[in-house]
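Per-entry structural report
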Amino acid sequence: MAIRRGRGVAAINYPTGMNLGGDPTQALVHSTPTGNFMVTLSSVDLGQGMKQIMAQICAETIGVPTDRVVVDTADTDTGPHCMGTFASRGTHRAGNAVIQAAREARQVMLEVAAEELEVNASDLETDGQGNIIVKGAPQKSISIFDVALSAHFKRGRSISGRGMFLIPRSYPEKETGAMKPSTCYAHACTVAEVEVDDETGEVTVLTVKNVFEIGRALNPKMVEQQLVGGSWMGISHALYETTEPYYPSRDHGGTDFNQYLMPGPGDLAKTEIIVLERPSADGPYGAKGPGEMCANPQIPAVANAIFDAVGVRIDTLPITPERILRALKAHAPN
Amino acid sequence: MAKVPVQFTLNGSEKAEFIDSGTTLLHALRDKIGDTSPKGGCHQGTCGACSIIIDGELRLSCLTLAETCNGADVRTTAGLSEGGGLHPLQRAFLDAFATQCGFCTPGMIMAAKVLLDHTPNPSREEVVEALSGNICRCTGYEPIIQAVLTAARSNSQNVA
Ligand code: FES
Ligand code: FES
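Each chain has its residues counted from 1, running along the sequence as written. All chains are assigned letters beginning at A, and all ligands numbers beginning at 1, according to the order in which they are written. Where totals are concerned, whole chains, interfaces and linings use all residues; where local detail is concerned, this predicted model gives features only for residues with pLDDT of at least 70, and gives and counts side-chain atom pairs only at 80 or more. Excluded from the side-chain calculations are hydrogens and water; all other atoms, namely the structure's heavy atoms, are used.

Here we look at the packing of aromatic side chains
Only Phe, Tyr and Trp rings take part, Trp by its six-membered ring, and two of them pair if their centres are within 6.5 Å. Stacked means planes under 30 degrees apart, edge-to-face means over 60, and tilted covers everything else. Overall, the coordinates contain one aromatic pair over all chains when judged by the stated rule. On the basis of an interplanar angle of 80° and a centroid distance of 5.6 Å, the ring pair of W232 of chain A and Y141 of chain B is categorised as edge-to-face. In this pair, W232 of chain A sits in helix α4 (residues 220–239) while Y141 of chain B sits in the loop between α4 (124–131) and α5 (142–159), so the two residues belong to two different chains. Assigned by exposure class, W232 of chain A and Y141 of chain B land together as buried. The ring of F307 of chain A has R313 of chain A sitting right over it, with the charged end atom 4.0 Å from the ring centre. Secondary structure is summarised from DSSP: a helix means a run of H or I of at least four residues, a strand means a run of E of at least two, and numbering begins at the N terminus for each. Per-residue accessibility, obtained with a 1.4 Å probe over protein chains only, is compared with the maximum for each type, and a residue is labelled buried under 20%, exposed over 50%, and partly exposed between these values. In this scheme, Lys NZ or Arg CZ marks a charge over a ring once it lies within 6 Å of the ring centre and within 35 degrees of the ring normal.

Details of the layout of surface pockets
All names here are of chain A. Counted as a void, the largest pocket has a volume near 690 Å³. Lining the largest pocket are 35 residues; nearest its centre among them are L46, Q48, Q226, G291 and E292. Those elements that place two or more of their residues in the lining of the largest pocket are α1 (50–62), α2 (90–117) and α4. With six residues, α4 is the single largest residue contributor to the lining of the largest pocket. A 1.4 Å probe that fits but cannot get out identifies a cavity on a 1 Å grid over protein atoms alone, an open set with protein on both sides within 12 Å along at least five of seven lines counts as a pocket, and a residue lines either if it has an atom within 4 Å of a point. Grid points are joined across faces, edges and corners, and a volume is the space filled by probe spheres set on the points. The computed volume of the second largest pocket comes to approximately 510 Å³. The element best represented in the lining of the second largest pocket is helix α6 (residues 321–331), accounting for five residues. The residue classification treats Ala, Val, Leu, Ile, Met, Phe, Trp, Tyr, Cys and Pro as nonpolar and Asp, Glu, Lys and Arg as charged. All others, Gly included, are polar. Among the residues forming the lining of the second largest pocket, the class breakdown is eleven nonpolar, eight polar and four charged.

Section: the pairing of strand β4 (residues 69–72) of chain A
All names here are of chain A. Covered by surrounding structure in β4 are V69 and V71 only, the residues V70 and D72 on the alternate face being uncovered. Pairing between two strands is assigned when DSSP locates at least 2 bridges connecting them. Of the strand pairs in this sheet, strand β3 (residues 37–40) and β4 are connected by four bridges, and their pairing is parallel. Residue pairing in the sheet places T40 in a bridge with D72 of β4. Think of it like this: strands point away, you trace from the first strand over the helix to the second, and a clockwise trace means the crossover is right-handed. Where the polypeptide runs from β3 across α1 and back to β4, its parallel neighbour, the crossover connection is right-handed.

Quick notes on the environment of R89 of chain A
Residues and elements named next belong to chain A. Counting through the fold element by element, R89 comes out in the loop between β4 and α2. For R89, a relative accessible area of 1% puts it in the buried group. In this structure the C-alpha to C-alpha distance between R89 and T40, which are 49 residues apart in sequence, comes to 17 Å. As used in this structure description, the phrase polar contact means that two N or O atoms lie within 3.5 Å; if the pair is within protein, one of them must be able to donate a hydrogen and the other to accept it, and residues adjacent in sequence are counted only when both atoms belong to side chains. Among the polar contacts made by the side chain of R89, one reaches the main-chain carbonyl oxygen of P24 at a distance of 3.1 Å.

Digging into unusual backbone geometry
Between Y247 of chain A and P248 of chain A the backbone carries a cis peptide bond, its omega angle lying at 5°. A cis geometry characterises the amide bond from L317 of chain A onward to P318 of chain A, with omega recorded as -10°. The residue P318 of chain A is located in the loop between α5 (298–310) and α6 in this model. Residue E118 of chain A is not a glycine yet carries a positive backbone phi of 55°. Locating E118 of chain A in the fold gives a position in the loop between α2 and β5 (124–126). The phi torsion at F97 of chain B lies on the positive side, around 50°, for a residue other than glycine. Counting through the fold element by element, F97 of chain B comes out in the loop between α2 (88–95) and α3 (105–118).

What to know about the environment of I144 of chain B
All names here are of chain B. Within the fold, I144 resides in helix α5. By relative accessible area, I144 is classed as buried at 0%. Sequence spacing of I144 and V127 is 17 residues, and the spatial spacing of their C-alpha atoms is 9.4 Å.

Notes on the interface of chain B and chain A
In what follows, a contact means two residues having at least one pair of non-hydrogen atoms within 4.5 Å. Tallying the contact residues gives 24 residues for chain B and 22 residues for chain A. Buried area: the sum, over both parts, of the accessible surface (1.4 Å probe) that disappears when the two are put together. A buried area of about 1,700 Å², summed over both sides, lies between chain B and chain A, and 65% of it is on carbon and sulfur atoms. Broken down residue by residue, the surface that chain B buries against chain A is led by F97, Q100 and R137 of chain B, which jointly contribute 37%. Each reported salt bridge corresponds to a side-chain nitrogen of Lys or Arg within 4 Å of a carboxyl oxygen of Asp or Glu. Taken together, the connections running from chain B to chain A amount to one salt bridge. R137 of chain B is paired through a salt bridge with E241 of chain A; the nearest N and O atoms lie 2.5 Å apart. For the pair chain B and chain A, the number of links is six residue pairs in polar contact (both at pLDDT 80 or more). Elements represented by at least two residues in the side of chain B that touches chain A include exactly α4 and α5 of chain B. By residue class, the composition of the side of chain B that touches chain A is 13 nonpolar, eight polar and three charged.

Let's talk about the confidence of the model for chain B
Looking at chain B as a whole, the pLDDT averages 95, with 97% of positions reaching at least 70. Our summary of model confidence lists the complex with pTM equal to 0.92 and ipTM equal to 0.90. Per-residue confidence from the predictor is reported as pLDDT, a score between 0 and 100.

So, the sheet that holds β4 of chain A
Residue and element names in this part refer to chain A. Taken together, the four strands give an open sheet; going across it, the order is β4-β3-β2-β8, and neighbouring strands pair in mixed fashion. Each of the sheet's edge strands pairs with one partner strand only, and the pair in question is β4 and β8 (160–167). Strand-to-strand, the axes of this sheet are offset by a mean angle of 20°, without reference to chain direction. Angles shown run from 0 to 180 degrees and are taken between the N-to-C directions of axes, each axis being a line fitted to C-alpha atoms and, for helices, limited to the stretch in contact. Against the sheet, α1 touches β2 (23–31), β3 and β4, its axis set at about 135° to β4.

Topic: the nonpolar core
Within the largest apolar cluster, 45 residues are counted, with the highest numbers of intra-cluster contacts made by F37, M54, C58, V69, M109 and I132 of chain A. Looking at this core, the element that brings in the most residues is α2 of chain A, giving 14 residues. Two domains share this core, each providing at least three of its residues, namely domain 1 (3–16 + 182–331) and domain 2 (25–165) of chain A. Once you skip the residues sitting within four places of it in the chain, F37 of chain A turns out to touch V29, H30, S31, C58, I62, V64, R68, V69, V70, M109, I144 and I159 of chain A. Among buried residues, those of type Ala, Val, Leu, Ile, Met, Phe, Trp, Tyr and Cys that are joined through side-chain atoms within 4.5 Å constitute a nonpolar core. Counting 30 residues, the second-largest nonpolar core is a separate cluster that includes W232 of chain A together with L115, Y141 and L149 of chain B. Domain start and stop positions are those given by an automatic or database domain assignment.

Here it is as structure tokens:
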């Protein structure tokens, strides 16, 4: 009986969003009388940073500082339609919708500015600091604050825009069954090192090294934050979490929060994260969806590492000490 | 059910309420007094989201009856910031990106505060131990551990 070491690797190809019948998200953007911009969405921020990213995307598109943008994701009853925050689709789908809405709002903003400055709207650009300037003649400018006031109180214009992003439903070809389930794929690879105690079946994950290819990281710190948390979650899925340990039998199922197992702060593997940026063709500013993917490759990597360590293939999650011991027993030469 | 009076200080100011006997402090704080910084995750003492400080000790407000707190000094994350500025722990949590959904954060900060009050220069193991009663679903803990270590370092620099 001994502690055995193993190493496992896994790579994944992860679609952004789903396509069960068309995958739409809509966004509305409008300016307040003082030239702040409001993004209205039904997409939910559940801690991954949706609001921050949508504010950045809107600000970048309109040409204003990010702190001039407020994102309202308050209410799916009253907001523009969104399929939801799942399948790593939030940044990609809502981001594209916000770009479209923000472009339309920007166009109206430039038209109002053009009237105020008595120039052509196509001769105007934003300076990113809250002003609109005449190309090549920056001394001729107007603040977005004044443009918004003019639109609201003088010219009767609504500086606003509508955005709609739809991945249309893809039907399988009759002959081949081929279809296009997704338009945008992120990728990841993980190497995990484990120790397995072949007497108790206990697994300790020593290190996890992850590489994530996620398109462009629109907010690198927030991407890293999500990937670090996701890597932990992947190990948690691999080794700990289940509500139904003996599915379909309810025996020994957890009945409450306190019986749902996850690794705590004392059970952390040494974790490394590397981000590769390969801008996607149809993502907002090149983004893909890293969300769920960040918790996926650790699972097969850990399973492979366990195989490497003790020679048994466990194909049921989570890989509990009991499952390992049973597999070892079934495997043992009599 | 008869109401009972309870009186304690919350983050330095006097609070007095009539509550149903058996009301938890978590419920009294959130729904009576309006301090929603302690979160109700499990309501059974296993997640740590409701952690607060009573007379200098870390306590779970979901398992503490409000009526046992008469005369107590109760502290929550809502009372941490000083003069409008963030407390070093709050600043460190922000800088380390140690919060995502934020549900565990007030409890984590309370647990870290009690640790640093008693052990200003904790080792990593001591931080891990201090946070081990608090569950986080999002961050993978490492950013939280780093935030607490950073706050401890910035505290000791201020003293030096
Ligand atoms: S709510 Fe008190 S420990 Fe979970
Ligand atoms: S940040 Fe979500 S539970 Fe900790």
